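Reading the structure
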Amino acid sequence: EISGGGHVEIGPGTTFTSSTLIQITTSLTIGRRAVFGQSAMIVDGNHRWRDPDVHLLDQGYDFTPIEIGDGAVVMSKCTIFASLGERALVGAHSLVSRPVPAFCLAAGAPARVREYYGRPENRPPDLEVG
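Residues numbered from 1 in each chain as written. Predicted model: local features only at pLDDT ≥ 70, side-chain atom pairs only at ≥ 80, totals over all residues. Heavy atoms only, no water.

The next subject is the overall build of the chain. Within the chain one finds zero helices and 15 strands. Its C-alpha radius of gyration of 15 Å places the chain within 12% of the 14 Å reference for a compact globule of 130 residues. For the chain, the spread of C-alpha atoms along the three principal axes comes to 50 × 30 × 25 Å. When the 130 residues of the chain are sorted by exposure, 34% land in the buried category. Put simply, of all contacts in the chain between residues at least 6 apart along the chain, 19% involve residues at least 24 apart. Here the chain displays about 7600 Å² of accessible surface, and carbon together with sulfur accounts for 52% of that area. (Helix = DSSP H or I, 4+ residues; strand = E, 2+ residues; numbered from the N terminus. Rg over C-alpha atoms; globule rule 2.2 N^0.38 Å. Buried < 20%, exposed > 50% of the residue type's maximum accessible area, 1.4 Å probe, protein only. Contact = heavy atoms within 4.5 Å. Areas by Shrake-Rupley, 256 points an atom, 1.4 Å probe, with all protein chains shown as cover.)

Turning to the sheet that holds strand β10 (residues 73-74), a few remarks are in order. In spatial order, the strands read β2-β5-β10-β12-β14-β15; together these six strands make up an open sheet with mixed pairing. Across the chains shown, the open sheet's two edge strands, defined by having one partner strand only, are β2 (15-16) and β15 (111-116). Looking at chain direction, β10 and strand β12 (residues 89-90) are connected through two bridges and run parallel. Counterpart to Val 73 in the pairing with β12 is Leu 89. (Pairing = 2+ DSSP bridges.)

Here strand β14 (residues 104-108) pairs with β15 via five bridges, running antiparallel. Across the sheet, residue Ala 107 finds its bridge partner in β15, namely Arg 112. Counting the residues between successive antiparallel strands, the hairpin from β14 to β15 contains two residues.

We now examine the side chain of Thr 79. Its place among the elements puts Thr 79 in strand β11 (residues 79-80). In this structure Thr 79 touches Met 41, Ser 94, Leu 95 and Val 96, once residues within four positions along its chain are discounted.

Geometric descriptors of this kind do not, in isolation, establish any biological role.
As structure tokens, then:
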């Protein structure tokens, strides 16, 4: 589902298994050879909901372009609201609401970085694992 001026770009060798849902109003860029498990969902918008006097459906959305790096892997039944770095790995049933850096395993709802597995010299200095 691409709305308004939405744009989706999918790199060569990227694989989607069954029932992937993509909803984009801004942009989605997926690199080469990314993998998406069954029932993955990628969306660039979140409902606004904080006004107690206005129904959720009438409050609009906040949109953020999504970038998914080369070789990223998203396991089954994940929801992606934020960007994933190169070779990022998202565990099954996770909700990614914050960016996941390159070469990191993230899991949970909300997903948190659990492990960095890249070269030690490339580890982001402010990366919190836990």
